[in-house]
Amino acid sequence: MEICSVTFLPDNVTVKTEPGITIAGAARLAGIELKMPCGGEGSCGKCVVRLTKKGTTEELLACQTIVYEDIFVEVPQNVRLGEHQILLAETEQNFQTKYDFEPLCQKVAVRLSPPSLYENASDWTRLSCELSKAVGGKEVVPSLPVLQKMAHLLRKSDWHVSALLVAQNGFYELIDLQPGMATETIYGLAIDIGTTTIVIYLVDLVSGKVLGKAGTYNKQAAYGDDIITRIIHCQSPKGLKQLHDAVIDSITELTEQLLATSQVVGSKVYVITVAGNTTMIHLFLGMDPKFIRLDPYIPTAAQFPIVKGKELGLETTPEACVYCLPAVGSYVGGDIVAGVLSTGMNWADNLTLFIDIGTNGEIVLGNKEWLISCACSAGPAFEGSGITCGMRAMQGAIERVEINPVNFEVRYQTIEGTPPAGICGSGLIDCIAKLHRVGLIDRAGRFCELDKPVERLRKTDEGKEFVLAWDWETALGKDITLTEGDIQNLIRAKGAIFAGIQCLLKTVQLDFSSLERIYIAGGFGNYLNIADAIEIGLLPDLPHHLYRFVGNTSVRGAYLSLISQTALNAATEIGKKLTYLELSAGNNFMEEFISALFLPHTNLELFPNVKSTTVVRGGNSD
Amino acid sequence: MAVEIFKEKNRSAVLEVVLGATREQGGTRTHTITVGGDSALPFYHFEGEIPNRPVVAMEVQDIVPEWNNALIKHFADVIDKPGLWAKKCVEEYGADLVYLKLDGAHPDGANRSVSECVQTVQEVLASVGVPLIVVGCEEADKDKELMEAVAEAAAGENLLLGCAETDNYKSLTAVCMVHKHNIIARSPLDINMCKQLNILISEMNLPLHKIVIDPSIGGLGYGIEYAYSILERARIGALQGDKMLSMPVIATVGYEAWRTKEATASTQEFPEWGDQEERGILWEATTASALLQAGVHILLMRHPKAVALVKKQIDQLMVSNKY
Ligand code: FES
């Protein structure tokens, strides 16, 4: 069979392949990751590339176009999984850590008294006795390789050895023994597997210091933007394996990068903690998440065994023990448990609300006495997906908007100040707040009819749209617009989150006014403007000082669990204690949702501080 | 010792809406009709005032409708003359108001021109003295043009015009404001959507007492329980002071009842169901009477006998049960 060559521009990377593969497939071979929100179904129309052949250029969907000859493909920046503002550093909130420094992997140096005819216990009894003393009386069990070399090693080192102990459920495993006082450092990784991004901390387990942080896109994005699309992909042959491999790949790449910059070898990484939503952990462990998606939404497991890196294909750290933080239910996962753990709301006196805003909005309410959680599907609008000119929060994304109330001229601000390429979640929220404030949209999110035509407000076959940036200003030479459909999408997203908050509060018969602290977590959260979010009714109308951005609490929770066994135990406790409220089962979510599909809300009294800021337009006054 | 009976004290009341205008008021009606004003649950005379009786508007169309023969036969002589049809409804059948539906304007149907439709409205206005409800053909673009023209031609008559919906309430609201008519705010059967539309309309500065709610009821056997509970919630909201739920309610009783199989299936088809016309009448009257109990103020009806039954019931319900 003939071989075609596909050259990707501007990278100028060529791959040779058999005909019949899609351009998207070829791109993957070339190491170019495309954004494929619908998972290559051909339905989202986002994977547009330019195909040049014989002097003509055509725009085509990469996931639907089959390669059958030599071609040149230009991949525009906005189609790539590019650099992203991945939230590595948790904003340095000073959560007091109530947890003792007690890493999952420890090195213990012991001196044994040599055996004699009168003291003739076995080598292991001798050693385990000392080790157990050093770790607070917990049981220690040996691994076979250590037993095999133990006799000689103990004698050669004159009964002075360093033992490497890894915490298991309730006991320690002795995984290595070295002569004398071993000085090399031991390491661990704390990993947050997000649907969109993956973040890893490399941690020195002797000092507890974070040596390096790195983040990247979750390569599973090639199989769909959201969890549901990916679960569906799992049902195709090899689907589960592809998704498993994709996440392992992403982690391996990041790990290698981190280890290289810190000059650490992979074999010195002994423990890894992982936090992620329930589906992500299923895929990471290679479990089919199919039933998470189907009524009655049951995960295979919510607590996970400790496994070895190599069992999962983590070849860089094959011997490391991998701990996954427990989940609560199908849609409240270990990432949220990690969030509760790292914000300390599980021992707070104050009534605290924790919101992780992403494709799914996960919400936890409670304090040291009780915790209740729910998850509401907000859709990907906040991540800029499913929005005509939406994009993730990366370079060129419009993040702030000003609209002149008289002539409706627009001023915007983009991330890193480059020409706009699209609009991201925070930009969308700001934009909708401003459109309503100047009277261009009504409370239902529909464009108003104005007395005078507005140049930026125009009608297309698909309905009305507002031009945020004209083609000549933008990075792609196309107008950046916001359609009525986009606004509806965002209103549904914010409505779902707000309705979730209301349902939780009503379930425990409380209302906003009893909230004493609100944590906003998640990558998107940090770029959110509280005033805007309240103005559109995404967040409760409460004094701004109650709100606190806490960044990526998932990786922070994983980190805490890595350096403190008490924290890991606390996570297990949280997983068990957290009540899960299923919103689709017999409560008033739907009602709350519909009343939240309004700017800011059907019950305007809930937003007393927003009420007065809007202009009313439309209709001729008499 | 006398037993003290607990009575609910309501903070607020349903708003009153006045329909029609007499000569002195700038219109040509012989009288006006006021609906709403209740400060209690429906017909709880013992807990508040029910100052205005619910009213029945009989439906008239601008073209010959494809109605069941059990209906048509009562209007056979006038069915193609909207003016006389309306007159018959009022004089012979006792309609409190006329509900004129301009179905003929629909572009996919008879596609009557705007001016023809306006003429029909004027014809009906001329032939009866009662206030009028006029609604379009439910095709957004045509209705926009049509209702603008109707509103203008009937300026001063203080009509009730419909229907405004969330997707397109703006133009109708605007013409109601300019020409001083009342508006029907129609939402899907959902308390929040109903409220949202009222907020949207009132934010365009149409006064609240110019709005009548059409909650899109279901007919008997077709979701009437749900309609009942939504209406009840709206009434309770109004009594508790929620201004955005406090408008009087209109219900498309005739339309819903006469599209059920129970009302229209022939006697031959279901002999065990009894006489078809009688069934239809009862279906319409029962739908109406359930909705009356739920708090509807304006019943849009079709069959003269059903109208008679319901009017009789209204008389009885309006007898005070104060104690
Ligand atoms: S259309 Fe190609 S990924 Fe959605």
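What comes next is a walk through the structure.

Conventions used here
- Counting restarts for each chain: residues are numbered from 1 in the order of the written sequence.
- Working convention: letters from A go to chains and numbers from 1 go to ligands, in the order in which they are written.
- Since the coordinates come from a predicted model, pLDDT governs what is reported: local features require at least 70, and pairs of side-chain atoms require 80 or more to be given and counted, while whole-chain, interface and lining totals use all residues.
- Calculation of side-chain values draws on the structure's entire complement of heavy atoms; hydrogens and water are dropped beforehand.
- Each helix is a run of DSSP H or I of at least 4 residues and each strand a run of E of at least 2, with the numbering of both proceeding from the N terminus.
- A radius of gyration in this sense is built from C-alpha atoms; the matching globule rule multiplies 2.2 Å by the number of residues raised to 0.38.
- Relative accessibility decides the category of a residue: with a 1.4 Å probe and only protein chains considered, values under 20% of the type maximum give buried, values over 50% give exposed, and everything between is partly exposed.
- The criterion used for residue contact is that any of the two residues' heavy atoms lie within 4.5 Å.
- Using a 1.4 Å probe, accessible areas were evaluated by the Shrake-Rupley method; residue-level cover was limited to the displayed protein chains.
- Asp and Glu are treated as the negative residues and Lys and Arg as the positive ones, with His and the ends of the chain left uncounted.
- To locate a charge, take NZ of a lysine, CZ of an arginine, CG of an aspartate or CD of a glutamate.
- Any Lys or Arg side-chain nitrogen found within 4 Å of a carboxyl oxygen on Asp or Glu counts as a salt bridge.
- The definition of a polar contact used here is a pair of N or O atoms within 3.5 Å, where within protein one atom must be able to donate a hydrogen and the other to accept one, and adjacent residues in sequence count solely through side-chain atom pairs.
- Throughout, the ten residues Ala, Val, Leu, Ile, Met, Phe, Trp, Tyr, Cys and Pro are labelled nonpolar, Asp, Glu, Lys and Arg are labelled charged, and all others, Gly among them, are labelled polar.
- Patch members must show over 30% relative accessible area and no salt bridge, and they are joined within 9 Å when carrying like charges or within 5 Å when they are nonpolar side chains of Val, Leu, Ile, Met, Phe, Trp or Tyr.
- Expected span, for any helix, means 1.5 Å times one less than how many residues it has.
- When DSSP finds at least two bridges between two strands, those strands are taken to pair.

**A closer look at the overall build of chain A**
Part 1 of the argument: Along its length, chain A carries 15 helices and 27 strands.
Part 2 of the argument: For a compact globule of 622 residues, the expected C-alpha radius of gyration is about 25 Å, and chain A comes in at 27 Å, within 12% of that figure.
Part 3 of the argument: Based on the C-alpha atoms only, the size of chain A along its principal axes is roughly 110 × 70 × 45 Å.
Part 4 of the argument: By the burial criterion, 59% of the 622 residues in chain A qualify as buried.
Part 5 of the argument: Counting only contacts in chain A whose residues sit at least 6 apart along the sequence, the fraction spanning at least 24 positions is 66%.
Part 6 of the argument: Accessible surface, chain A: about 25300 Å² in total, of which carbon and sulfur atoms supply 51%.
Part 7 of the argument: Both charge centroids of chain A, one from 52 positive and one from 70 negative side chains, sit 3 Å from each other.

**Some points on the interface of chain A and chain B**
Part 1 of the argument: In this assembly, 23 residues from chain A lie in contact with 21 residues from chain B.
Part 2 of the argument: Where chain A meets chain B, there are four salt bridges.
Part 3 of the argument: We note a salt bridge from Arg 233 of chain B to Glu 591 of chain A, for which the minimum N-O separation is 2.6 Å.
Part 4 of the argument: Summed over the shared surface of chain A and chain B, the number is ten residue pairs in polar contact (both at pLDDT 80 or more).
Part 5 of the argument: Counted by class, the side of chain A that touches chain B contains eight nonpolar, seven polar and eight charged residues.

**Focus on a negative patch on the surface**
Residue and element names in this part refer to chain B.
Part 1 of the argument: There is a patch of like negative charges on the surface, built from Asp 141, Glu 145, Glu 148 and Glu 152.
Part 2 of the argument: Tracing the backbone shows Glu 148 in helix α4 (residues 140–153).
Part 3 of the argument: The exposure class of Glu 148 is partly exposed, given its relative accessible area of 35%.

**Observations regarding the side chain of Asp 38 of chain B**
Residue and element names in this part refer to chain B.
Part 1 of the argument: Note that Asp 38 resides in the loop between β2 (33–36) and β3 (55–61).
Part 2 of the argument: Within the structure, Asp 38 has its side chain in polar contact with the side chain of Arg 235 (distance 3.5 Å).
Part 3 of the argument: Setting aside chain neighbours within four positions, we find Asp 38 in contact with Ala 13, Val 14, Glu 49, Ile 50, Pro 51, Arg 235, Leu 239 and His 297.

**Some thoughts on helix α10 (residues 276–294) of chain B**
All names here are of chain B.
Part 1 of the argument: In a regular helix each residue adds 1.5 Å, so 19 residues correspond to 27 Å; α10 covers 27 Å between its end C-alpha atoms and thus fits that length.
Part 2 of the argument: Burial within α10 is extensive, with 14 of its 19 residues counted as buried.
Part 3 of the argument: Taking the backbone nitrogen of Glu 277 as reference, a side-chain oxygen 3.4 Å away marks Asp 275 as the first, capping residue of α10.
Part 4 of the argument: Positive backbone phi, at 115°, marks Gly 295, one or two positions downstream of α10.

**A closer look at the pairing of strand β19 (residues 397–403) of chain A**
Residue and element names in this part refer to chain A.
Part 1 of the argument: For β19, the tally of buried residues reaches five of seven residues, placing the bulk of the element in the interior.
Part 2 of the argument: The sheet contact formed by β19 and strand β21 (residues 422–423) spans two bridges and is parallel. Paired with Ala 397 across the two strands is Gly 422, which belongs to β21.
Part 3 of the argument: Where β19 and strand β20 (residues 410–414) come together, five bridges link them in antiparallel fashion. Within β20, the position partnered with Ile 403 by the bridge is Val 410.
Part 4 of the argument: Counting the residues in the hairpin turn of β19 and β20 gives six residues, including Phe 408, whose phi is positive at 60°.

**Describing the side chain of Thr 483 of chain A**
Part 1 of the argument: Structurally, Thr 483 of chain A can be placed in strand β24 (residues 480–483).
Part 2 of the argument: Setting aside chain neighbours within four positions, we find Thr 483 of chain A in contact with Thr 388, Phe 447, Lys 464 and Glu 465 of chain A.

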